[in-house]
Amino acid sequence: MKTIISLPTILTLLQNHAAATEYLPTLRGAIQSANSYVQSSDYWSQFTHAIDVYNNDLSPVIDAAATNDDVIIFETYAEWCGHCQNIAPKFDGASEHFNQVGGLVLAKGQCSNNAQLCDDLGVAGFPTFYYGTAVDFRDIKGGNTPGQINELRLMSSTNQMIDFLSQRFGIESSSTPEDEDESHHDTTPANNVTKATAPLYTIAVDAYLSDIEKSTSDSLTQALVSTHLISKAGARQGFIDWQTWIADSHPSEKCRMGAQDILGHLDDLWPEENFSPGTVRSKLLTKNQCIFDYSDVQYQGCAAGGNPGAYTCGLWQTFHAMSVSPKSQLSGAQMFDSLGQFIKFFFTCTICQEHFLGMLASVGQTTVLSQDDFIVWLWEAHNEVNERLREEELDANTFNVDRPKGLFPSPKVCQNCLDDREGNYVGPYVGEHTHILPFLDDFYGQDLV
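From a predicted model like this one, the values you see are computed outputs, not experimental measurements.

(A) How the structure looks around unusual backbone geometry. With an omega of -15°, the peptide bond between Phe126 and Pro127 qualifies as cis. Looking at the secondary structure, you find Pro127 in the loop between helix H5 (115-121) and strand S4 (128-132). Here the residue pair Phe408 and Pro409 is connected by a cis peptide bond, since its omega of -5° sits within 30 degrees of zero. Secondary-structure assignment places Pro409 in the loop between helix H17 (371-396) and helix H18 (436-446). Positive phi, normally seen in glycine, also occurs at Asn55, with a value near 55°. With respect to the helices and strands, the residue Asn55 is situated in the loop between strand S1 (51-52) and helix H3 (59-67). You can call Asn55 exposed: its relative accessible area is 64%. Here Asn274, not a glycine, exhibits a phi torsion of approximately 55°, which is positive. Within the fold, Asn274 resides in the loop between helix H12 (266-269) and helix H13 (277-284).

Now the structure itself:
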C-alpha cells in the first residue's frame, strides 16, 4: 500500500534537506494556493442577508421591492477591493435589519458577474451604491440610471448605516440604542486582535511571475468595467502611458508583447478623435493584455492567508517588478507619471484611489527622478498604504492575522532593510539605501518564482 503524505509534511521534509531547498518556493506556493481559496471565499460567503445579483438579472430584487413598494439599495463591488471588504459586514448587518423591519431591499452584485449591468449603470469605482424604486431599476439602459447614495462608503458601523438609511428614506426604525451592544446587527467577525497583539510585519511570501501576469491581465478588464471610465478626458493618454510602461518594463515577455500589440493597433482600437466609447470598450475587450486568457489562472502567493485582495497584491507586485526592470528605457520620473495615470483613470477602488492620488500629489517635482528614486519611493508608499490599512482593519475588527497588513520586508526576510525607511519622504534617495535597493532588485527580479 502506498503511503500518502500531506503537503505540509512534504514541505517539512524538504526543509530538512538542503539539496531540496530549490523546490521550496514552488511547493510552498502550491500549499498556499490550495489553502487560501477556501479561506478567501469563506470571507464573502458569510454575508448572506443582502440579495446577490448574478448574470445581470435584477428581477429578484425588483420583485422583492415591488411587493411593498420598498426602496432598493444596490451595491456594486469587487471582491478584491479593500474598502468593499471593510464595508461588507456593515452592509450585511443593515440588510438583516431591513429584512426584518421592511421599507428597504438591500442587494449587491459583483461587476465580474454582472458586466453588462455595471456598464449600463456607468460604474466608475467600487463600492458604488444606487437607490430607487422597482420602476427605477426596471430599465436602466440609455442613461436612465438610478441615483447614487455613496455616503454609505463612509459608514463606520452597521448601526450608523441603519440610522442613516432610516432617516434618509423616512423609515420608522432605528438601530439598537447607543448604550446597548451594537453587535446585535454588526456581523463583523470578532477576531480579538488588538493593536498591541497584531503582527507588525507582512508574512514572508514569494513573489510569483504568474501572479504578476494575472493581475496585469486583470488590469485591462478592470479598466474596461464601464464605458464611463474610458469616456473621461485624458483617459486615452493615460491608457497609452500605462501600456507603454508595461511594454518597456514588465518582467513577463507575454505582457510586454500584449502591450506592444495593443499600442500597435491603438488607432483602430481607440481612435484619437470621433470615437464611440462603447465601440472602444468592445474592441479592447477582445484583447488579452498578456497574449493569453488568464481568467481561469489562480493567484498563488498573493492568495496566501486567505487574502481576498489578491488582485491588488498582484498589482503592487507588478509595480515593483516593473520599477526594478534592468532593461527599462524609462526614467523614474516617467514611471512615476505612468503609475499616476493608471491610478487616476483605471484603478477602481474609489477610497484607495483617493488615498493613492493624495500620496502622489504630495511628492515634490525633484523627488523622483532616477529609477532608483522611484524604486525606493514605491516601497515607501507601499508601506505607508499598509500602515493605513492596518489601522483601518484594526479599528473595524477585520484584521486578518493570516495575511496581516504590515511593514515589508520583515527582518526575517531582510534583516536591515527597514533601517532604510525615512520618517518622512524627502528624497532623493540615491546612495542612501544600501539594503533595500539590492533586496528589491533581487526579490522582484531574479528571485521571482
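Structure shown, so let's carry the discussion forward.
(B) Spatial organisation of the pairing of strand S3 (residues 104-110). By the criterion of burial, S3 is predominantly enclosed, with seven of the seven residues buried. Alternating residues of S3 divide into Leu104, Leu106, Lys108 and Gln110 and Val105, Ala107 and Gly109, and every residue in both groups is buried. Pairing between S1 and S3: two bridges, direction parallel. Within S3, the position partnered with Asp52 by the bridge is Lys108. Bridging between strand S2 (residues 71-77) and S3 involves seven bridges; their strand directions are parallel. Following the sheet pairing, Phe74 is matched in S3 by Ala107.

(C) Molecular detail of the packing of helix H10 (residues 235-249) against helix H15 (residues 332-346). Axis separation between H10 and H15 bottoms out at 8 Å; the angle between their running directions is 130°. With respect to H15, the axis of H10 lies oblique. Classified by chirality, the crossing of H15 by H10 is left-handed. Here Ala235, Gln237, Gly238, Phe239, Asp241, Trp242, Trp245 and Ser249 of H10 lie close against H15, whose contacting residues are Met335, Ser338, Leu339, Gln341, Phe342, Phe345 and Phe346.

(D) Looking closely at the state of the cysteines. Overall, the coordinates contain four disulfides when judged by the stated rule. At a sulfur-sulfur separation of 2.0 Å, the disulfide partner of Cys414 is Cys417. One disulfide, between Cys414 and Cys417, carries an S-S torsion of 70° and so falls in the right-handed class. By relative accessible area, Cys414 is classed as buried at 13%. What makes Cys417 buried here is its relative accessible area of 0%. Taken in sequence order, the bonded cysteines of the protein chain link in the pattern 1-2, 3-4, 5-6, 7-8.

Here is what the cut-offs are and how they apply
Residues numbered from 1 in each chain as written. Predicted model: local features only at pLDDT ≥ 70, side-chain atom pairs only at ≥ 80, totals over all residues. Heavy atoms only, no water. Helix = DSSP H or I, 4+ residues; strand = E, 2+ residues; numbered from the N terminus. Buried < 20%, exposed > 50% of the residue type's maximum accessible area, 1.4 Å probe, protein only. Pairing = 2+ DSSP bridges. Axes fitted to C-alpha atoms, helices over the stretch in contact; angles between N-to-C directions. Parallel < 35°, antiparallel > 145°, perpendicular 65-115°, else oblique. Left-handed = near helix turned anticlockwise from the far one by under 90°. Contact = heavy atoms within 4.5 Å. Disulfide = S-S within 2.5 Å.

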